[in-house]
Amino acid sequence: MNASALQCASDADVPEADKLFRFVVHGVLLNGIGAAGLLGNALAVLVLSRPQMRSSINCLLVGLAACDTALILTSVLLFGLSALFPYAGALRYYYHHVCPRLTPVAYPLANVAQTMSVYLTLIVTLERWVAVCHPFRAKALCTSARARWYVLGTAAFAFAYNAPKFFEAEVVAIGDPAGEVIYCVRANVRFRTDTYVAVYIHWMYLVVMYIVPFGALAALNAAIVRQVRRAQAERARLSRVQRRELGLATMLLVVVLVFFLCNLLPLVTNAFEVFLGDQFENLDPLVKTSNLLVTINSSVNFVIYVIFGEKFKRVFLKMFCAGRVRPRGARDSPENTRDDSFASCGERMSLRLARNGTLRRSEARQARLSRPRRAASPAPTVYYPAPAPSTDVSLASSDAPAVRWNGNSRLHF
């Protein structure tokens, strides 16, 4: 059998215009944005994992960056690289052999990563709502230990919810066993019954992935916006910690806004799939565009952190631009090494250490007071004492150097 005549049923009679659109959207844009997103998420994890960035919110953001990285990788493997062969003829072996056998595992993992990304965004918003609207409860509720449990709980929920997707697809071989064989992915019709498609794929996906998280995000962010506006009206009277909380809330509002914008089209296409049924095949360009938007959403958080996160920007510049770029107004202060806000829950000084330090200072003060005073000189005397190290703490600190599967087989997530 002629190798060039071998093709999967999904590739038959596809217009050249559709192949070109897929090549541009997935092969060029998705691959390029995905590569930049992988670099940005890696840098975000490096910065957020620094000791001076240790906090509950940053622990959640590290988990979010890890989920976004997994989502970008699976998107590139499933959509980006596989879009090159139909139009450009590149990566033929990958298209016919690697990608089909990778899809039954990569597609469920992509859905797991997307579910985690959605619900970690919701948890981040909930944490900010507690910190901004209920600051006195934030000290107990928003801790790094709790944040790690939130990430693990979200991962368990995502795997449990998406477990059926590991059984939705099957791989079949097409061709002459004595000649060339290609592999194709098709729906497992024994598993994907009409009831399963209607209940799990259509309605549960719409409710669990969109209606519940979008409704909660809208309500929580509305409350945060009201509190931020009220605080901005009294900004002159806010403390440094309160201003930092306000800035962090503003940064995460931008993250959620980008999340809404990038997931709006996937929401529309999934709603069309539920209510239009077979007519959904005519919306294939919207599906491909929604895949691109989901990848964009997973790739831009690093840019948001750099633009709106003052402390993130300082630590990033210190790590990668030390000695070349110095942030304006940067100096040694607890703000550069530790987050003291209620929600951030930085490491607190032990009471024993503080008490011991107080005792040492009081003992030293008593020793100085008990020393005999030098008798007053009978006449003015000019002398030149040996130079001694300065004991002026304020001057020493100020001069210190700065430290610092199509319709029934869905292609989109």
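Residues numbered from 1 in each chain as written. Predicted model: local features only at pLDDT ≥ 70, side-chain atom pairs only at ≥ 80, totals over all residues. Heavy atoms only, no water.

Trainee: Is there a simple way to think about the packing of helix α10 (residues 301-308) against helix α11 (residues 310-320) in this case?
Mentor: If you want to describe how two helices pack, look at the angle between their axes and the distance between the axes. Between α10 and α11, whose axes approach to 6 Å, the crossing angle comes to 100°. Between α10 and α11, the angle is such that the two are roughly perpendicular. Between α10 and α11, the residues in contact are Phe 302, Tyr 305, Val 306, Ile 307 and Phe 308 and Glu 310, Phe 312, Lys 313 and Phe 316, respectively. Taken together, the residues that form the contact of α10 with α11 break down as 7 nonpolar, no polar and 2 charged. (Axes fitted to C-alpha atoms, helices over the stretch in contact; angles between N-to-C directions. Helix = DSSP H or I, 4+ residues; strand = E, 2+ residues; numbered from the N terminus. Parallel < 35°, antiparallel > 145°, perpendicular 65-115°, else oblique. Contact = heavy atoms within 4.5 Å. Nonpolar A, V, L, I, M, F, W, Y, C, P; charged D, E, K, R; others polar.)

Trainee: For this particular structure, what's the right way to read the state of the cysteines?
Mentor: Counted by the stated rule, this structure contains 1 disulfide. One disulfide bridge connects Cys 8 with Cys 184, the sulfur atoms lying 1.8 Å from each other. Disulfide Cys 8 to Cys 184: torsion about the S-S bond roughly -90°, handedness left-handed. In this pair, Cys 8 is assigned in the segment before α1 (16-48) and Cys 184 in strand β2 (residues 181-187), connecting sequence segments 176 residues apart. (Disulfide = S-S within 2.5 Å.)

Trainee: Got a minute to help me understand the pattern of salt bridges in this structure?
Mentor: Side chains that carry opposite charge are capable of pairing whenever their charged atoms lie near each other. Following the criterion strictly, the structure yields 8 salt bridges and no others. Salt-bridge contacts for Glu 127 lead to Arg 128; the nearest nitrogen and oxygen are separated by 3.0 Å. The buried category is assigned to Glu 127, whose relative accessible area is 6%. Its relative accessible area of 1% is what places Arg 128 among the buried residues. A salt bridge links Arg 186 to Glu 170; the nearest nitrogen and oxygen atoms lie 3.0 Å apart. A residue pair is termed long-range when its members are at least 10 positions apart, and Arg 186 in strand β2 and Glu 170 in strand β1 (residues 169-175) qualify at 16 residues. You can call Arg 186 partly exposed: its relative accessible area is 46%. Linked by salt bridges that have partners in common, Lys 165, Glu 168 and Arg 192 make up one network. (Salt bridge = Lys/Arg side-chain N within 4 Å of Asp/Glu carboxyl O. Buried < 20%, exposed > 50% of the residue type's maximum accessible area, 1.4 Å probe, protein only.)

Trainee: I'm lost on the packing of α1 against helix α9 (residues 284-299) in this one. Help?
Mentor: In the contact formed by α1 and α9, the axes pass within 8 Å of each other and the chain directions differ by 10°. Viewed along their axes, α1 and α9 adopt a mutual orientation that is roughly parallel. Judged by the sense of rotation from one axis to the other, the crossing of α1 with α9 is left-handed. From α1, Phe 21, Arg 22, Val 25, His 26, Leu 29, Leu 30, Ile 33, Gly 34, Gly 37 and Asn 41 reach across to α9, where they touch Pro 285, Lys 288, Thr 289, Asn 291, Leu 292, Thr 295, Ile 296, Ser 298 and Ser 299. Across the contact of α1 with α9, the residue classes tally to 8 nonpolar, 9 polar and 2 charged. (Left-handed = near helix turned anticlockwise from the far one by under 90°.)

Trainee: Help me understand a nonpolar patch on the surface, please; the structure alone is not making it clear to me.
Mentor: Among the surface-exposed residues, Trp 203, Leu 264, Val 268, Phe 272, Phe 275 and Leu 276 lie close enough to one another that they form a single nonpolar patch of about 570 Å² accessible area. Residue contributions to the nonpolar patch peak at 5 residues, all from helix α8 (residues 240-276). Tracing the backbone through its elements, the reader meets Leu 276 in helix α8. When its relative accessible area of 34% is taken as the criterion, Leu 276 is described as partly exposed. (Patch = residues over 30% accessible without salt bridge, like charges linked within 9 Å, V, L, I, M, F, W, Y side chains within 5 Å. Areas by Shrake-Rupley, 256 points an atom, 1.4 Å probe, with all protein chains shown as cover.)

Trainee: Would you mind showing me how to read the environment of Ser 299 here?
Mentor: Within the secondary structure, Ser 299 is located in helix α9. C-alpha of Ser 299 to C-alpha of Asn 41: the two residues are 258 residues apart in sequence and 7.1 Å apart in space.

Trainee: How do you make sense of the environment of Thr 121 when you look at a structure like this?
Mentor: Here Thr 121 shows up in helix α4 (residues 92-133). Residues Thr 121 and Val 255, 134 residues apart in the sequence, show an inter-C-alpha distance of 8.4 Å. Non-local contacts of Thr 121, meaning those with residues more than four positions away in its chain, are made with Leu 64, Leu 217, Val 256 and Phe 259.

Trainee: Any chance you could explain the packing of aromatic side chains here in plain terms?
Mentor: Each aromatic ring pair is characterised by the separation of its centres together with the angle its planes make. Applying the stated criterion across every chain yields a total of 17 aromatic pairs. A centroid spacing of 5.6 Å and a plane angle of 70° characterise the contact between Phe 302 and Phe 316, whose relative ring orientation is edge-to-face. Here Phe 302 is found in helix α10, whereas its partner Phe 316 is found in helix α11, with 14 residues between them in sequence. There is no split in this pair, since Phe 302 and Phe 316 are both buried. Three or more aromatic residues joined by ring pairs form one cluster here, namely Tyr 119, Phe 157, Tyr 161, Phe 167, Phe 191, Tyr 196 and Tyr 200. Its end group placed over the ring of Tyr 183, Arg 101 keeps NZ or CZ at 4.3 Å from the ring centre. (Phe/Tyr/Trp six-rings, centres within 6.5 Å; stacked < 30°, edge-to-face > 60°. Lys NZ or Arg CZ within 6 Å of the ring centre and 35° of its normal.)

In short, shape yes, function no, at least from these values alone.
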